[in-house]
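Single-letter residue listing:
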Amino acid sequence: MKFPGRRKLKHYFPVTQANSNLPKSEVQPSKDTYIVGLDETIVDVIAAVEDDFMARHGIRKGLSNLVNSETASKIYRELVAEGRISDHFAGGTIGNTLHNYSVLADDKSVLLGVMSNSIMLNSPEYHYICHTSSKVDMSHLQGVAGDIGRGITLISQDGERTFAIAPNAMDDICPEVVTEEIISNASAFVTCAYPLRHANKPIKATLMRCLELANKHNVPVVLTLGTQHLVEEYRDEIEHIIKDYVSVVAMNEQEAEALTGQSSVLLAAKTALDWCDMVLLTVGAEGLYLCGYSDDAQKRETTHPIKSAEIADFNRWEFSRPQRQQDCQSPIKVYSHIDPYMGGPERIRNTNGAGDGALSALLHDIAANGFHQQQVPNSSKHETKHLTYSSFAQVCKYANRVSFEILSQHSPRLSKGLPEREDSLEQAYWAR
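Residues numbered from 1 in each chain as written. Predicted model: local features only at pLDDT ≥ 70, side-chain atom pairs only at ≥ 80, totals over all residues. Heavy atoms only, no water.

Participant: Let's hear about empty space enclosed by the protein: which residues, and what values?
Facilitator: Scanning all chains against the criterion turns up 2 cavities of 30 Å³ or more. Quantified by volume, the second largest cavity comes out at close to 40 Å³. Taken together, T191, C192, A193, L196, L207, L211, L223, I238 and I241 make up the lining of the second largest cavity. Secondary-structure elements contributing two or more residues to the lining of the second largest cavity are β12 (189–192), α6 (202–216) and α8 (235–245). (1 Å grid on protein atoms, 1.4 Å probe; cavity = no way out; pocket = protein on both sides within 12 Å on 5 of 7 lines; lining within 4 Å. Points joined across faces, edges and corners; volume = space filled by probe spheres on them. Helix = DSSP H or I, 4+ residues; strand = E, 2+ residues; numbered from the N terminus.)

Take a look at the structure:
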């Protein structure tokens, strides 16, 4: 369970200890530390085309076009034949998050979704697997006869982007594929709100089964909201799910306003905390917020400058470690904020996936807390129950640093972990 930076000796993670057991690529629920995610498996294809190409295939320029499997396959074959494809990216917000988690933690995660039974060399499904960390266990995917989702981004000569989306079989995962054992032993279950759009597809029933199993076994549920328009359309249902099942909500400022009706990010987070235990709120060029609960007896005051906005001195207790509200005798709300790492990249190459990167860092810290408790059960860090290993402020730093890495590259998925030692990450629990 790797962490960047060097930990103090009493908080040591014994990742280099001798282990006579042969490693297994598949998750062993009773032995491994891992997270589980449910996603719509989709591949993003990038290609440069002329306007007449789009007109010929009935694609409306500048819009997101839903197309059927036959049309998507026809477009894809023509793009391949003419050598127009510049990139394939394994997509899906949860797929991105699990991949990044496994790269950061150098540890296992489990992806729930679908995959084509027949995978051809250089097919989109082939690229999905090639661009996903080998630490992501895909043995729980459901095989389907058709294709997984395809999102084809067509870039015209004037630089405008047009999308042709073919859902194909990406929503066909059935509830019976999910085993109780794989959910019950997870450090967290993470999913997104997208399956709520498909009440007539199996994936929504699968989502509800996963939520119920996670709650039954007290596994933290992490929900990322997707897009502002999705939240606006399904707001009441999303609120209901958060109140009934969710521990952590991840969203950006537009989604937060759509969910809570609050234009202030701090007040939006405060409102959301009435429904869940923690909020990760990304605010673009303004950085990110991590908000949650700590027991009044466990609170720790910050040494950073005190900040005030709609909530006075809101970051005063940001050196506290997050707790679930049910584990606090006298819960207080805690807020932490951090500006973009190094002011943000000099050149932003890609905004897609920055929020997924921040969420993967938070999930790593949640899983690391359970891992450390298994390895060093008598540590003072586990005298009371906490949701994460690190403080609000420290998780903010970590999430912020991962987001920077995503923004600095073309892909929404990390190709490598963070440096083992980095001055910007060394404070509080991080030894110099």
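Participant: Break down helix α12 (residues 392–407) for me, citing the residues and quoting the values.
Facilitator: In this model, α12 (16 residues) spans 22 Å end to end at C-alpha, consistent with the 22 Å of a helix rising 1.5 Å per residue. In terms of burial, α12 is a largely internal element, 16 of the 16 residues being buried. (Expected span 1.5 Å × (residues − 1). Buried < 20%, exposed > 50% of the residue type's maximum accessible area, 1.4 Å probe, protein only.)

Participant: Give a description of the pairing of strand β14 (residues 248–252) that names residues and reports values.
Facilitator: Within β14, 4 of the 5 residues are buried, which leaves it mostly tucked inside the rest of the structure. Direction of pairing for strand β13 (residues 221–224) relative to β14: parallel, over a ladder of 3 bridges. Each residue of the ladder has a partner; that of V222, found in β14, is V248. In the sheet, β14 pairs with strand β15 (residues 278–282) via 5 bridges, with the strands oriented parallel. Counted as the bridge partner of V249 is V279 from β15. (Pairing = 2+ DSSP bridges.)

Participant: How would you explain the sheet that holds strand β11 (residues 161–166) if you had to name every residue and give the values?
Facilitator: Within the open sheet, the 5 strands sit side by side as β4-β11-β10-β3-β5. Their pairing is mixed. Where the open sheet ends on each side, the last strands, each with one partner, are β4 (64–66) and β5 (85–90). Direction aside, neighbouring strands of the sheet carry axes that sit 20° apart on average. (Axes fitted to C-alpha atoms, helices over the stretch in contact; angles between N-to-C directions.)

Participant: Describe in detail the sheet that holds strand β2 (residues 35–38), supporting the description with residues and values.
Facilitator: Across the sheet, which stays open at both edges, the 9 strands sit in the order β8-β6-β2-β12-β13-β14-β15-β16-β17 with mixed pairing between neighbours. Looking at the sheet topology across the chains shown, the edges are occupied by β8 (136–137) and β17 (331–338). Examined bridge by bridge, β15 and strand β16 (residues 288–295) share 5 bridges and lie antiparallel to one another. The residue of β16 that forms the bridge with V279 is C291. Its contacts with the sheet put helix α11 (residues 354–375) on β2, β12, β13, β14, β15 and β16, and the angle it makes with β15 is roughly 150°. Sheet contacts for α12: β16 and β17; angle to β16, the most-contacted strand, approximately 155°. (Contact = heavy atoms within 4.5 Å.)

Participant: Explain unusual backbone geometry residue by residue, including any values.
Facilitator: Its identity is not glycine, yet N168 carries a phi of approximately 50°, on the positive side. You will see that N218, though not glycine, has its phi angle at about 60°, which is positive. Along the chain, N218 falls in the loop between α6 and β13.

Participant: A description of the side chain of S102 should follow, citing residues and the corresponding values.
Facilitator: Structurally, the position occupied by S102 is in helix α3 (residues 93–105). Since its relative accessible area comes to 1%, S102 is described here as buried. Only 2.9 Å separates the side chain of S102 from the backbone oxygen of D107, close enough to count as a polar contact. Side chain to side chain, S102 and S109 meet in a polar contact 2.9 Å long. Discounting chain neighbours no more than four positions away, the residues touching S102 are D107, K108, S109, S133, K135 and V136. (Polar contact = N/O pair within 3.5 Å; in protein donor to acceptor, adjacent residues only side chain to side chain.)

Participant: Kindly report on the pattern of salt bridges, identifying the contributing residues and their values.
Facilitator: All chains considered together, the criterion is met by 22 salt bridges. Close ionic contact of K299 with D296 constitutes a salt bridge, the shortest N to O distance being 2.9 Å. Residue D296 is classed as partly exposed on the basis of its relative accessible area, which comes to 31%. A network of salt bridges, in which partner residues are shared, links R235, D236, E239 and K243. (Salt bridge = Lys/Arg side-chain N within 4 Å of Asp/Glu carboxyl O.)

Participant: Talk me through the environment of S184; I want residue IDs and the actual numbers.
Facilitator: Position of S184 among the secondary structure elements: in helix α5 (residues 180–184). Distance in space between the C-alpha atoms of S184 and D106 is 22 Å, their sequence separation being 78 residues. Not counting residues up to four positions away in its chain, the partners in contact with S184 are H217 and V219. One polar contact links the side chain of S184 to the main-chain carbonyl oxygen of E181, over a distance of 3.2 Å. Side-chain polar atoms of S184 contact the side chain of N185, separated by 3.3 Å.

Participant: Help me get a handle on the environment of V248, residues and values and all.
Facilitator: As for its placement among the helices and strands, V248 is situated in strand β14. When its relative accessible area of 0% is taken as the criterion, V248 is described as buried. For V248 and L362, which are 114 residues apart along the polypeptide, the C-alpha to C-alpha distance reads 9.9 Å. When sequence neighbours within four positions are dropped, the list of residues in contact with V248 reads V221, V222, L223, M278, L362 and L387.

Participant: Residue-level account of the packing of helix α9 (residues 253–260) against helix α10 (residues 265–272), with values.
Facilitator: Between α9 and α10, whose axes approach to 9 Å, the crossing angle comes to 55°. In terms of orientation, α9 lies oblique with respect to α10. Between α9 and α10 lies a crossing whose hand is left-handed. Mapping the contact onto sequence places E253, A256 and T260 in α9 and V265, A268, T271 and A272 in α10. (Parallel < 35°, antiparallel > 145°, perpendicular 65-115°, else oblique. Left-handed = near helix turned anticlockwise from the far one by under 90°.)

That is the geometry; function is a separate question.
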